[in-house]
Amino acid sequence: MSDIKLPIYLDYSATTPIDPRVAAKMAECLTIEGNFGNPASRSHSFGWTAEAAVDRARQQVADLINADPREIVWTSGATESDNLAIKGAAHFYRKKGNHIITMKTEHKAVLDTCRQLEREGFDVTYLDPRENGLLDLETLKAATTDQTILISIMHANNEIGVIQDIEAIGEFAREKRIIFHVDAAQSTGKVDIDLEKLKVDLMSFCAHKSYGPKGVGALYVRRKPRVRLEAQMHGGGHERGMRSGTLATHQIVGMGEAFQIAREEMATENERIRMLRDRLYNGLNTMEEVYVNGDLDHRIAGNLNISFNFVEGESLIMALRDLAVSSGSACTSASLEPSYVLRALGRNDELAHSSIRFTIGRFTSAEEIDYTVELVRAAVKKLRDLSPLWDMYKDGIDLNSVEWVAH
Amino acid sequence: MAYSEKVLDHYENPRNVGVLEDDRSVGTGMVGAPACGDVMKLQIKVNGDGIIEDAKFKTYGCGSAIASSSLVTEWVKGKSLDEAAEIKNTQIAEELALPPVKIHCSVLAEDAIAAAIDNYRNKNQ
Ligand SMILES: Cc1ncc(COP(=O)(O)O)c(C=O)c1O
């Protein structure tokens, strides 16, 4: 254990390091010796070679999701892709209706975009998930009206890792001729995506959750049947007018390379990561009063989101200073609210506060997992030994029956 | 969140953690609520001369809440009930260099002392 480097990075859903193979390709697109030209320059070879690199990356991204490269629009990341998809479609199809459906557990990039559309006069329905984080198709059907023009449901959830049934949702949306957008920022390289089969109209991606660079993403815009968007960024008319701005060759090349590696290695990689996740889960699950948040089966391999009852979240994070993990605790968020995703699952405040999200990735080792298990077990034990709530639980007292003297 | 040395010290090595056997010489105060993120339980053992001769705590809460309760167990020992009741949250906050968002932890610790004293006095009136 002595050669483990601390802190241990277990926050791969926040971002990933760039794969060294990706970084090497990116470095070729920066300096005077490299491929630095503007891909939009038509009058010289600097522009042509840059354009060729961008085209190759477009193909690499399209290949991972079984799409046509002409369906890929480069953006600055999943936030921009979500904004372009949702605002772009809502504005374009406004004359058809003004109702949008999404879910309470979406990323803020979707939720806040929908809030903005509400201010512009759209009606938005925010669906509750079931207790396991998954959407019940019947709930979606019941919320749909003849005014519904857009459904936005994410693929893999960033906090709890659950995978929504976008195949079934897509069938329903297509049948009702409603545009279907999917935020797939967390699923590339983790879940198979076949857009020939899936009836998804718009899909958001970013590179930095899949070992590519931050600051680049893509939006898939279906050609058949054709989906139209109103541009949100105006300028030189790049990306068929849908997103103006000089293409960042090095970023785009990085995303392409990362997605190619994802396609080639995802099967073996996910198997390895799942083994590590199960090792972590089995190491922690033998403790009393621990709760996994979100469905364990319909879940990306690298995610374990787990709550430790009778332990306060911030003190737990303090005890886990040697781990880089995320917490659902209010104290670690800017908003001072516990995780809205866990609240939407119906978790009470205490369990939401004491949740830890472990996300495992390409560079995680079994030794790191074993070390993590020891550390977490010791921390939880220490804090429970300190906890009056734990004593009460052990004495068989129902904490809900206690009259607390709140301050 | 950056913690002061003293908070870290009390958090790493909390003083007087535990439970006192409940009898007439022991006063118990429990304040806070799980939904608010902190619950403190403070117990004092009072001798025949009215002096607090022992104190124990258990706390569910953040590092600052744990440190605040650990600190007051040290402070109340050797004091009379009236002296202990004089301990103010501002003294606790100052000693531990609590940031403004954590002042409520010191308030809770002051409340815990008052609740323990009340409980002792109710038992012994
Ligand atoms: C599900 C989801 N959507 C959108 C985003 C935003 O991505 P980006 O940081 O590339 O804008 C993230 C990442 O934080 C995410 O996890």
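Thresholds, definitions, all that
Residues numbered from 1 in each chain as written. Chains lettered and ligands numbered in written order. Predicted model: local features only at pLDDT ≥ 70, side-chain atom pairs only at ≥ 80, totals over all residues. Heavy atoms only, no water. Contact = heavy atoms within 4.5 Å. Salt bridge = Lys/Arg side-chain N within 4 Å of Asp/Glu carboxyl O. Helix = DSSP H or I, 4+ residues; strand = E, 2+ residues; numbered from the N terminus. Nonpolar A, V, L, I, M, F, W, Y, C, P; charged D, E, K, R; others polar. pLDDT = per-residue confidence, 0-100. Pairing = 2+ DSSP bridges. Axes fitted to C-alpha atoms, helices over the stretch in contact; angles between N-to-C directions. Near = heavy atom within 4 Å. Polar contact = N/O pair within 3.5 Å; in protein donor to acceptor, adjacent residues only side chain to side chain. Areas by Shrake-Rupley, 256 points an atom, 1.4 Å probe, with all protein chains shown as cover.

Before going further, it helps to examine the interface of chain A and chain B. One frequently used descriptor of interface size is the decrease in accessible area upon assembly of the parts. If you look at the interface, chain A gives 23 residues, while chain B gives 32 residues. Remark: the boundary between chain A and chain B carries three salt bridges. For B:Lys58, the salt bridge goes to A:Asp391, with nearest N and O atoms at 3.1 Å. Those elements giving two or more residues to the side of chain A that touches chain B turn out to be helix H8 (313–319), helix H10 (349–353), helix H11 (366–385) and helix H12 (388–394) of chain A. Along the lines of polarity and charge, the residues of the side of chain A that touches chain B split into 12 nonpolar, three polar and eight charged.

Another point: the confidence of the model for chain B. Confidence along chain B averages 95 in pLDDT terms, with 99% of residues attaining 70 or more. Interface scoring of the predicted complex returns ipTM 0.96; its pTM is 0.93.

Bringing the sheet that holds strand E13 (residues 355–359) of chain A into the picture now. Residue and element names in this part refer to chain A. Strand order in the open sheet formed by four strands is E9-E10-E13-E12, and the pairing between neighbours is antiparallel. Lying at the two open borders of the sheet, with one neighbouring strand each, are strand E9 (290–292) and strand E12 (326–327). Of the strand pairs in this sheet, E9 and strand E10 (residues 303–308) are connected by three bridges, and their pairing is antiparallel. The partner of Val290 across the bridge, within E10, is Phe308. Along the sheet face, helix H7 (residues 249–285) touches E9, E10 and E13 and points at about 10° away from the line of E10.

What follows is about the site of the ligand. All names here are of chain A. In the vicinity of the ligand, 13 residues are found, and the nearest of them are Ala78, Thr79, Asp183, Gln186 and Lys209. Asp183 places a side-chain nitrogen or oxygen 2.6 Å from a nitrogen atom of the ligand. Lys209 places a polar side-chain atom, nitrogen or oxygen, 2.8 Å from an oxygen atom of the ligand. Out of a free accessible area of 390 Å², the ligand has 84% covered by protein chains. In terms of residue count, helix H3 (residues 78–92) provides more of the shell around the ligand than any other element does, three residues in total. Here the shell around the ligand is built from residues that sort into four nonpolar, six polar and three charged.

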